[in-house]
Number of protein chains: 2
Amino acid sequence: MNKNLLSIMAQTITPYQWAKNVGQEVLRFDTNTLPSPPPCVNKFLKDLINNCPINEYGDPSYVKLKKLISKYENTPEDTITVTNSGDEALDIIGKAFLNNGDYFLIQPPTYEIFKSQCEINRGKVIEVPLLKENFKSDIKNVIKVLKNTPVKITFVCNPNNPTGSITKLEEIELILKNTSGIVLVDEAYREFYGVSSVPLLSKYNNLVILRSFSKFGAMAGARVGYLLANKKLSQVFNAIRFPLGVSYFSCKLAEKLLEEDQNWIKDQTKMIKKERERLFQSIKKLGFFVYPSQANFILVNFGKKASDICEKLKENNILVRDRSNKKYLEGCVRITIRNQKQNNILVNSLKNIMNTKYDGLIFDMDGVLIDVSQSYREAIRQTASYFLKRNVQMSEVDQIKNMSGMNNDWEATYALINDSTISYESVKKYFQKKYLTGLINKEKLLISKKDLQRLKNKYKNLGIATGRPKKEAEYVIKNNKLEKIFDCIIALEDVTKSKPAPDSLLAVIKKLKLKRTVYIGDSPSDFLAAKLAKIPYINVDKTKTILQVINYLL
Amino acid sequence: MNKNLLSIMAQTITPYQWAKNVGQEVLRFDTNTLPSPPPCVNKFLKDLINNCPINEYGDPSYVKLKKLISKYENTPEDTITVTNSGDEALDIIGKAFLNNGDYFLIQPPTYEIFKSQCEINRGKVIEVPLLKENFKSDIKNVIKVLKNTPVKITFVCNPNNPTGSITKLEEIELILKNTSGIVLVDEAYREFYGVSSVPLLSKYNNLVILRSFSKFGAMAGARVGYLLANKKLSQVFNAIRFPLGVSYFSCKLAEKLLEEDQNWIKDQTKMIKKERERLFQSIKKLGFFVYPSQANFILVNFGKKASDICEKLKENNILVRDRSNKKYLEGCVRITIRNQKQNNILVNSLKNIMNTKYDGLIFDMDGVLIDVSQSYREAIRQTASYFLKRNVQMSEVDQIKNMSGMNNDWEATYALINDSTISYESVKKYFQKKYLTGLINKEKLLISKKDLQRLKNKYKNLGIATGRPKKEAEYVIKNNKLEKIFDCIIALEDVTKSKPAPDSLLAVIKKLKLKRTVYIGDSPSDFLAAKLAKIPYINVDKTKTILQVINYLL
């Protein structure tokens, strides 16, 4: 099967990594759902017992549901297209308007499915980012683009996900007036804002509104959405939509919700708005910037600590939506508003994470405190060159060191020489001479003395747990005048078992009487040692450099 | 809003007329569904009471459902794409393979959504019809087309809907080997056949199998389907599919079905197969051709009576799928196999419809028995020409006759002459002379004497209820030597009230002592007279000519 078999679109689509399903013990602040299902659910289920014609097809015209939506939205039934949630609705929009290569305009950061569904339908994206300072629509630029480019669909998410910011009706009208295409206003979060563009429907033929029962109706699992547009467009949408995209269960539940739970919806909306304000103030008090929101979530700028905070919340069985590595959203985390009790759990968890102060830090030495690339490795190279009587390349050294079981540098050198007529002792002796009489002085600190002093000021007790011989460890400390920084150094000779045994770490903990400490290392054996010593561990590597670790700790 | 705003596809799509929802009193033999929901439904509903997290999103990876499908199908989990029924599955296929204008091949008559979903995704159809004699695949022609045309998707519906015919695995392999594209085998009805192409999956990279829980799982209302294909294709399908197209309810029910009801599925399949044979024989006995079927429906050729039979079944609250006006399916009706009791109701209803024998027929004369276009109208034309002293055109006659209130030809002629100096009586006299002394002989029978004799043989009593003067009615009968055919003629003078009053019909009924008769007419006043006389009515017009009526009655 050749790759060209696939459509051009399918050849470039990225396989999606679905979120893992989490247990019910996890508090979800990551999905913008309401904290509980609508009360009508139980009645709905009971009514179906012994009376559930699921073997038959449901009503493909959704006659009853459309009547109820028509009443709820105050717009005629023939302006409604019922869909399998917002996903199918957006797919219909893509199919109805986009020819291959037609433009659609999004205002990032915004709901990501706008882009993916339109690209699946062969559209070409134009991005006009929201204003950086407040995530408001950059209307001037939007209009400018619309005037110069034949844009088929302009997306307005109102309120916007994930920022919670809104676009005023006057601005939406401006866009409607200045485009030759349609404007898709996504009002999935409308109820938490209170303003709708439905009254504009009768005025603008090019307005399409996207709605979903997922959020306001507390029915995310049921997958029911709908489009509102003029009668002619609605006819086209209905011709394109799946013959029966909504399950019998979901259709009936949506009907029951609109029949029985409209007061509950109002109460929930009120509760969410109240909690939104409370959560806004609580997180602000913790010292973070919170964006004003008109949705059932808030966007918080946790800065550089964002991912760490999300990780720690996860350890506490709390999920939030970490967007901190996304373009336009650096440092930002989206947090769903849930009920009072659940929001309190979140805030308390955050407080605990903020207040977690270690009573001391334990460092590995090589690769964490000290850069040994110019010392030990160079000693290997020079020793091997001497015995092999040729100029050994650093790449040869790297190669042997990267082999498993080559942690001990003397053994690595001996293996590199690979000559049984030469004694191990003579190699070790030459190596030590080279290292101790010169190369050791080439070792540089990876953390500045100034930063180390700041860490000392904050955490009081700093210790070292290293596999170096005592002399070599102490030499570096003296050489860099760090005696007053480190209160304790446990080296090779101080314990009977080296890392990954926890002995050296436990020795530091005992000596400094630490109760809440953390080990900072750079290798799997460091990680294992911390685990066995039952203390937290921070790894230094390419994804989290020593500078980032210091930033985090300070 | 200009029309070009829509995509080229959307500009030409036909607005769909959704089937009307029917009440629960209607027996549905039109949807190929199983007669009852799976037994696990009630347990499923009870389990959800007080434990229905419909406010949250379900598992977008369908982990559990995929495990169960994997076991049921005996194919790895990474070959499965769970979809919102077959509709989304076919949409994914369209998106995954079709660029604008790419070819797909269908073998009509077959499942119609293949074509519509591929056309929505901008594909171009190639049709290789099934063989006329047995609705088997025209493999030679399919292969020929595949060799000459770059077809992206070849559809095989196995068993085929609506014919119930099958394509052998060897034939499917032949297609797989001879195409540069993929082959989509729709196995929605597999269980009722018993043969699957799943074992071919590991052998052919270009095989994709479509499955649905709708039929075998008695879950049509739940909208759950899946695609089976090699791992790479499945990755693409999963990237294209909706993030969460299946509702929480439907996903859970599908899981429960596979966990608890597999034996029930086997029993149902067995029952359907047994009933299929029984229904096949019963309808065959009624004298109709039934196509052999490996699905849970049969296709019956009712010939010219198809639509009438469907109509009459509907009057008995039985719906079947009338395909008799579709290309390739002339005269054919698709009937779902339901349970024994329901199938018996259907067969008995059919028997009743077949055995409905009238104990007499009542005919209108003009336009039904007799072609009057060369007599009365010509008499009008000649009379008017005489008085107006010019050659009156037939178009003028038609114009006056088409005006409301111009039933009486003497009055019509007088109106056409439109001259108060001329007396009505003189016009009438001239008209009668022309008609009775010549034109009356130009009147031809619309039904051959031979057919009338056959009707007489079958129904025994034939009567006429006409608005003609007695003499003129009797003249035609004598002239055509039909005295022995018709037992009773009620004419203008025989009743005080003409049609649309029922008097003339009631007079025939009384005279012939009819208990179950029918009136055959050609005008609204005929229809009304039959209605008032409380007897059935057959209208002769362009959509049902007199020849069709005779065919039906014989």
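Placed above this text is the structure.
Residues numbered from 1 in each chain as written. Chains lettered and ligands numbered in written order. Predicted model: local features only at pLDDT ≥ 70, side-chain atom pairs only at ≥ 80, totals over all residues. Heavy atoms only, no water.

## Focus on the relation of the copies chain A and chain B
Note that the two copies of the chain are related through a rotation about an axis and a translation along the same axis. Between the two copies, chain A and chain B, the superposition gives an RMSD of 0.9 Å; the rotation angle is 177° and the shift along the axis is 0.5 Å. One copy is carried onto the other by what is essentially a two-fold rotation axis. By C-alpha distance to the rotation axis, the residue of chain A lying nearest is Leu45 of chain A, at 2.3 Å. Same-surface contact between copies: 100% of interface residues of chain A are shared with the interface of chain B. (Least-squares fit on C-alpha atoms with pLDDT ≥ 70 in both. Contact = heavy atoms within 4.5 Å.)

## Points about helix H14 (residues 376-388) of chain A
Because an α-helix packs 3.6 residues into every turn, residues spaced three or four apart end up facing the same way. Residues and elements named next belong to chain A. Taking 1.5 Å of rise per residue, the 13 residues of H14 would be expected to cover 18 Å, and the 18 Å separating its terminal C-alpha atoms lies within 8% of that figure. For H14, every residue scored as buried is listed here: Tyr376, Glu378, Ala379, Ile380, Arg381, Thr383, Ala384, Ser385 and Phe387. Contacts made by the buried residues of H14 are with helix H15 (394-401), helix H16 (409-417), helix H17 (424-436) and helix H19 (470-479). Following H14 by one or two positions, Lys389 has its phi on the positive side, about 55°. (Helix = DSSP H or I, 4+ residues; strand = E, 2+ residues; numbered from the N terminus. Expected span 1.5 Å × (residues − 1). Buried < 20%, exposed > 50% of the residue type's maximum accessible area, 1.4 Å probe, protein only.)

## A short note on a nonpolar patch on the surface
Together, Phe527, Leu528 and Leu532 of chain A make up a nonpolar patch on the protein surface, roughly 280 Å² of accessible area in all. Tracing the backbone shows Leu528 of chain A in helix H21 (residues 524-532). (Patch = residues over 30% accessible without salt bridge, like charges linked within 9 Å, V, L, I, M, F, W, Y side chains within 5 Å. Areas by Shrake-Rupley, 256 points an atom, 1.4 Å probe, with all protein chains shown as cover. Salt bridge = Lys/Arg side-chain N within 4 Å of Asp/Glu carboxyl O.)

## Section: the pairing of strand E13 (residues 360-363) of chain A
Regular strands place side chains that alternate from one sheet face to the opposite one. Residues and elements named next belong to chain A. Along E13, one buried face is formed by Gly360 and Ile362 and the opposite face, lined by Leu361 and Phe363, is buried too. As judged from the three bridges shared by E13 and strand E16 (residues 462-465), these two strands associate in the parallel manner. Among the inter-strand pairings, Phe363 is bridged to a residue of E16, identified as Ile464. (Pairing = 2+ DSSP bridges.)

## Describing the interface of chain A and chain B
Facing the 88 residues of chain A at the interface are 88 residues of chain B. Linking Arg338 of chain A and Glu56 of chain B is a salt bridge whose minimum nitrogen-to-oxygen distance equals 2.8 Å. At the boundary of chain A and chain B, one finds 38 residue pairs in polar contact (both at pLDDT 80 or more). Tallying contributions element by element places helix H4 (residues 85-97) of chain A first for the side of chain A that touches chain B, with seven residues. (Polar contact = N/O pair within 3.5 Å; in protein donor to acceptor, adjacent residues only side chain to side chain.)

## Topic: the sheet that holds strand E3 (residues 103-106) of chain B
All names here are of chain B. The mixed open sheet is built from seven strands, whose spatial order is E2-E8-E7-E6-E5-E3-E4. Edge positions in the sheet fall to strand E2 (80-83) and strand E4 (124-127), since each has one partner strand and no second. Strand-to-strand, the axes of this sheet are offset by a mean angle of 20°, without reference to chain direction. Where strand E6 (residues 182-186) meets strand E7 (residues 207-212), four bridges bridge the pair, whose relative direction is parallel. Looking at E7, one finds that Val185 is bridged to Ile209. Those strands touched by helix H3 (residues 63-73) are E2, E7 and strand E8 (225-228), and its axis lies near 120° from that of E2. (Axes fitted to C-alpha atoms, helices over the stretch in contact; angles between N-to-C directions.)

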